[in-house]
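# Architecture at a glance
Each chain is listed here by its residues.
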Amino acid sequence: MTDYLRESLHELADEVAPADIYARAVRRSRRIARQEAVIGTLAALATLALLVSGLWRLPAREAGHNAPIALVSSSAPVREPLPSPSPVPSAPAPAAGGEQYSGSLTTAPTRRKSQPRIARTPATPQSRALADLPGHVFYEQSGSRPDVVRLSPADGDADTVLSDAPSAVGISPDGSRIAYAVDGALLVGETGSERTEQVATGVTTAAQAPVWSPEGDRLLINASSPTILQIGSGTLTPLAGGLAAGQHFRWSGDGNKLVYATAYCSLKVTTGDSDAVVPVLGDRQPVDNPDGLAACKPTSVDATGGHVTVPLQTTGDIGSAGPDTADAVIDTITGDLEPLPVAGAVVGAVFDPDGNLLVRSRTDDGTALSLFSPVGKLLVQAPEPAAVRDLDLLAYTR
């Protein structure tokens, strides 16, 4: 049995070809390596194809998109964001009885805060007769030592009430008295009369013209600092605190507020207990005041202190004298310029103590006076007499 098994194995060995196990192992290892290299190459080619075809990519920013940039410093007061431009809607037809100068335009186009609202079609007046304009309108010549002229609309007469005014003047709310300074002495007299009474000394008027209270019993003057003078008693009461640095103070018609300018041609409103800055005007940040608007000299305030008339200037005018005649109406809450729906260029605007607004406008045909009530009704719009067309609007009284 053993011999038979041995012979079978010899026969099987003779039939099998000799083999080198080491060489076969090497060849197998090389074959596996070649297969792995091919697979790796194919994977790399597939990835490259995907990148080229755009089927796979890393998240990316849109073209031209940059990181956000802060437009206002962290120390600046927070303001509402600038609106995006939008199409200008068509203006609605004017309401019967006139327009509002208060600017409640619900369909106004989106704008920067410093841009004035666009006035709609000029309002239709209730009267076009100058005689229907109540009270008196006061004017003065341009330049130094001007004549002061009073227009009486009822009869159209224009009378000189003060010749060669030696200083800025203040007209009382009823138009019956006038105040001015001569060599530091404050004089008060009846309008048009040469008789005057000295009521204070040490008065200057460059930064503060004499301004009457709505009741006509006090004058706000500059006697080394802003001071209130009681006409009857002669008592002087300097304004307290930070108000001492203010200038060109004006009373609201109800007597509860004062609007004044700072040395940097911005506006503030005070009730005695608190001060509020009127936005935009005088602001040096281009984000909030891109047009560089400023108000260096308020001239009159409405009945509640919500609006003030000013000669509109720019921040580049700071330190210069600037004009004295107002040509714009400012909302003291928002700093917006309010629309004045009159034809032509506005060359004068002034409130009376009751909140009526008198607007003077000029066209190629001449000048006109338009009187708006406190709620915005256009009461009278009439041509201005030729005798005052070359003068500057000063005041409007009861």
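Going by the structure above, here's the rest.
Keep in mind it's a predicted model, so treat the numbers as computed, not measured.

Cut-offs applied
Residues numbered from 1 in each chain as written. Predicted model: local features only at pLDDT ≥ 70, side-chain atom pairs only at ≥ 80, totals over all residues. Heavy atoms only, no water. 1 Å grid on protein atoms, 1.4 Å probe; cavity = no way out; pocket = protein on both sides within 12 Å on 5 of 7 lines; lining within 4 Å. Points joined across faces, edges and corners; volume = space filled by probe spheres on them. Helix = DSSP H or I, 4+ residues; strand = E, 2+ residues; numbered from the N terminus. Nonpolar A, V, L, I, M, F, W, Y, C, P; charged D, E, K, R; others polar. Buried < 20%, exposed > 50% of the residue type's maximum accessible area, 1.4 Å probe, protein only. Pairing = 2+ DSSP bridges. Axes fitted to C-alpha atoms, helices over the stretch in contact; angles between N-to-C directions.

A few words on the layout of surface pockets. The volume enclosed by the largest pocket comes to roughly 1100 Å³. If you trace the largest pocket, you find 49 residues lining it, with Val169, Ala209, Arg250, Thr299 and Leu394 closest to the centre. The element that contributes the greatest number of residues to the lining of the largest pocket is strand β25 (residues 392–397), accounting for 6 residues. Grouping the amino acids of the lining of the largest pocket by side-chain chemistry returns 26 nonpolar, 16 polar and 7 charged.

Right, let's get into the pairing of strand β13 (residues 258–261). Burial along β13 is two-sided: the residues Leu258 and Tyr260 and Val259 and Ala261 are all buried. Bridge count for strand β12 (residues 247–251) against β13 is 3 bridges, and the pairing is antiparallel. Bridging from a neighbouring strand, Gln247 pairs with Ala261 of β13. Hairpin remark: β12 followed by β13, antiparallel, with 6 residues in the connecting loop; positive phi at Gly255, about 80°.

The next subject is the sheet that holds strand β24 (residues 378–383). One open sheet accounts for 4 strands, arranged β21-β22-β23-β24; its pairing is antiparallel. In this open sheet, the two edge strands, each paired with only one partner strand, are β21 (345–351) and β24. Averaged over neighbouring strand pairs, the angle between their axes works out to 15° when direction is ignored. Bridge count between β21 and strand β22 (residues 357–363): 6 bridges; the pairing is antiparallel. Pairing of Val346 across the sheet is with Ser361, part of β22.

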